[in-house]
Structure formats: structure tokens, C-alpha cells
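Working through the structure, step by step
Residues per chain, in single letters:
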Amino acid sequence: MGSQDYIVYVVDDDIRMCEALRELFTSLDVASLTFGSAAEYAEYAKPDLPACLLLDVELPDINGLDFQRQLGDADHPPIVFITGHGDIPSSVRAIKEGAVDFLAKPFSQQDLMAAVDTAIASDRRARLERAERAVLVQRYSSLTPREGQVLPLVVRGLLNKQAAAELGISEVTLQIHRSRIMQKMAADSFADLVRMAGRLNIAIESPKTQ
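In short, a report on the structure.

Rules used in this analysis
- Residues numbered from 1 in each chain as written.
- Predicted model: local features only at pLDDT ≥ 70, side-chain atom pairs only at ≥ 80, totals over all residues.
- Heavy atoms only, no water.
- Helix = DSSP H or I, 4+ residues; strand = E, 2+ residues; numbered from the N terminus.
- Buried < 20%, exposed > 50% of the residue type's maximum accessible area, 1.4 Å probe, protein only.
- Pairing = 2+ DSSP bridges.
- Axes fitted to C-alpha atoms, helices over the stretch in contact; angles between N-to-C directions.
- Contact = heavy atoms within 4.5 Å.
- Phe/Tyr/Trp six-rings, centres within 6.5 Å; stacked < 30°, edge-to-face > 60°.
- Lys NZ or Arg CZ within 6 Å of the ring centre and 35° of its normal.

A word on unusual backbone geometry
Following Lys105, the chain continues into Pro106 via a peptide bond in cis, with omega recorded as -5°. Tracing the chain through its elements places Pro106 in the loop between strand 5 (101–104) and helix 5 (109–141). Backbone geometry at Asp29 places phi at a positive 60°, although glycine is not the residue there. Positionally, Asp29 belongs in the loop between helix 1 (15–27) and strand 2 (31–35). Given a relative accessible area of 33%, Asp29 falls into the partly exposed group.

Spelled out as C-alpha cells, the structure:
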């Protein structure tokens, strides 16, 4: 796959365009794969690498914009649209749905690689965020049910006495739970714990009592 640690997927039914892009990426030592339809791309078992998806708008099996919408919020490479039939409404829709760029054929190598670089950088950030959140989820899963009740109360800013009263436990017991939460979540400070809870979307959970 060359020396680069990322890959570019090309989905375009124009064989000549696929060949031209494949040759370009090879000359730049960039790994790439081409597909003639969205279905072929969807069926391919993708390696765990940062990636960019160059997607044609007019495909034989589905409109590229509709395919983008089908992908929705699923984890997929950032999309750069390429088309020989571009129009303003299509480009606006693509960008609103999260596309990195919308390039009309013929496009320059400079514009293409600028879009690819932006897409790869975006995918790297997204992958890092997913990995970091996965670690937080794993830590959160190690909490006991009671600690899971204490955490949202603590990050809401309640005093130990107030949180203990809401749960019907002693303040000393609450402090023990709080200390264990800090350890299990590997939080360096209260502010760090609040940030973690925010990323896990649990800071606004309503308290539950047994």
C-alpha cells in the first residue's frame, strides 16, 4: 500500500477516471482502491486505516448524494464528491450532509489533494476521538451500580452531603464512592471527571435511588 498510513477509496463508474486517479495516487505513493458502484464499495472489507472516500454523484446503482445519506452517522471515511454534472443545489446538499468538498470534473491535482488531505486529517481526529471514548466507556463499565448513581450527582456539582442525602446514604459512604470513581475513571481532577462525564453524555442523567 505504499509508505502512507492511509487509503483513498474511489467510487466512480467511469473506468478512465478510476484509472487516472489510480495512476495519480500511485505516483504520489498513496494507497487507493477503486470501485464501479456503491454496492461494491459497501461490500469491501476495509482495513483499519484513516481514509477518504472520493464519491461520484451519478452512479449506476444509486445517486451518490443518496448513498451519503444512507451512510448517515455511521463511522465512514469523510466524503469528497467528484462529478461531471455538478450544480449548486447538489453541492449545497452534499456539504450540509457533511461532505468535505464537491469537485467538478475536470479538477486539478492541487484541488483534489487538498480535499483528500483535509478528509484524512478529519478522519484521523474522528478515529482518535472514538478510541478515547471507547476507553472512557470501558472505565465507566467498571463502576458499580451505586457508583454509577453517584457519578452524575457529583459532576452536577452537588456537595457530598447533598448527594448523600439524595441517595439515602451517609456522607462518609458517598466520599468512598467518589474516591473510587476518581480512581476507576483515572481522573486527575474533578474538572477532568466532569469532562469525561460530558463525553459519555451522562452528566445530565437524573439521579436514581434504590
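Description of the sheet that holds strand 4 (residues 79–83)
A sheet is described by the order of its strands in space; here five strands give the open sequence 2-1-3-4-5, paired in parallel fashion. The open sheet has two edge strands, strand 2 and strand 5, and neither has a second partner. Along the sheet, successive strands turn relative to each other by an average axial angle of 20°, direction set aside. Sheet analysis places strand 3 (residues 51–56) next to strand 4, joined by four bridges and oriented parallel. Across the sheet, the residue bridging to Leu53 is Ile79, located in strand 4. Most of the contacts of helix 1 go to strand 2, to which it runs at about 170°, and overall it touches strand 1 (7–11), strand 2, strand 3 and strand 4. Lying on the sheet, helix 3 (residues 64–71) is in contact with strand 3 and strand 4; it crosses strand 4 at an angle near 165°.

Re the pairing of strand 4
A large share of strand 4 lies buried, amounting to five of its five residues. Burial along strand 4 is two-sided: the face carrying Ile79, Phe81 and Thr83 and the face carrying Val80 and Ile82 are both buried. One ladder, built from four bridges, connects strand 4 with strand 5; its direction is parallel. Bridged to Ile82 within strand 5 is Leu103.

Let's talk about the environment of Leu159
Position of Leu159 among the secondary structure elements: in the loop between helix 6 (145–155) and helix 7 (160–167). The spacing of Leu159 and Glu171 is 12 residues in sequence and 9.5 Å in space, taken between C-alpha atoms.

Some remarks on the packing of aromatic side chains
Enumeration over the complete set of coordinates arrives at seven aromatic pairs. The interplanar angle of 80° and the centroid separation of 5.7 Å between the aromatic rings of Phe35 and Tyr41 together place this pair among those described as edge-to-face. You'll find Phe35 and Tyr41 in the same group, each marked buried. Relative to Tyr44, the ring of Phe35 lies with its centre 5.5 Å away and its plane at 55°, an arrangement referred to as tilted. Taken together through their ring pairs, the aromatic side chains of Tyr9, Phe35, Tyr41, Tyr44 and Phe67 make up a single cluster. Over the ring of Tyr41 we find Lys46, and its NZ or CZ is 4.2 Å from the ring centre.

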